[in-house]
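Structural features, examined
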Amino acid sequence: ISYVVDINPEKHGMFVAGTGHPVISPDGMAQVPPDLVVCMNPRYRNEIAAMIADRGLEIPVVTV
């Protein structure tokens, strides 16, 4: 895991407690596109996939 994406602008530039992974904005994915997006809540899977597609990215989204 290279980074965590969060839509909350107050979390951008912060780090995940315990792991230290950086938190970036959804737009930040275009700079370093991931191979895979892991959605932690299946209810948001379609919304996340749409946000990715709106940015012109083709990244598979899986849920846990």
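Residue indices follow the written sequence of each chain, beginning from 1 at its first position. Local features in this predicted model are restricted to residues whose pLDDT is 70 or higher, and side-chain atom pairs enter the listing and the counts only when it is 80 or higher, whereas totals over whole chains, interfaces and linings include all residues. Side-chain metrics in this entry use all non-hydrogen atoms of the structure; hydrogen atoms and water are not considered.

Some points on the overall build of the chain
- Along the backbone of the chain there are 1 helix and 4 strands.
- We count a stretch as a helix when DSSP gives it H or I for four or more residues in a row; a strand needs E for two or more, and each element gets its number in order from the N terminus. Along the chain direction, N to C, the helices and strands of the chain fall in the order β-β-β-α-β.
- Its C-alpha atoms give the chain principal-axis dimensions of roughly 25 × 25 × 20 Å.
- Buried residues are those whose accessible area, probed at 1.4 Å on protein chains only, stays under 20% of the maximum for their type, while exposed residues exceed 50% and partly exposed ones sit between those limits. Expressed as a percentage of the 64 residues in the chain, the buried residues total 17%.
- Here a residue-residue contact requires only that any non-hydrogen atoms of the pair lie within 4.5 Å. For the chain, restricting intrachain contacts to residue pairs at least 6 apart in sequence, the fraction spanning at least 24 positions comes to 31%.
- To be clear on the numbers: accessible area is Shrake-Rupley with a 1.4 Å probe, and residue cover counts the displayed protein chains and nothing else. Surface accessibility of the chain: about 4700 Å² in total, with carbon and sulfur atoms responsible for 56%.
- Here the positive residues are Lys and Arg and the negative ones are Asp and Glu; neither His nor the chain ends is included. Working definition for charges: the position is that of NZ of Lys, CZ of Arg, CG of Asp or CD of Glu. Within the chain, the 7 negative side-chain charges are centred at a point lying 8 Å from the centre of the 4 positive side-chain charges.

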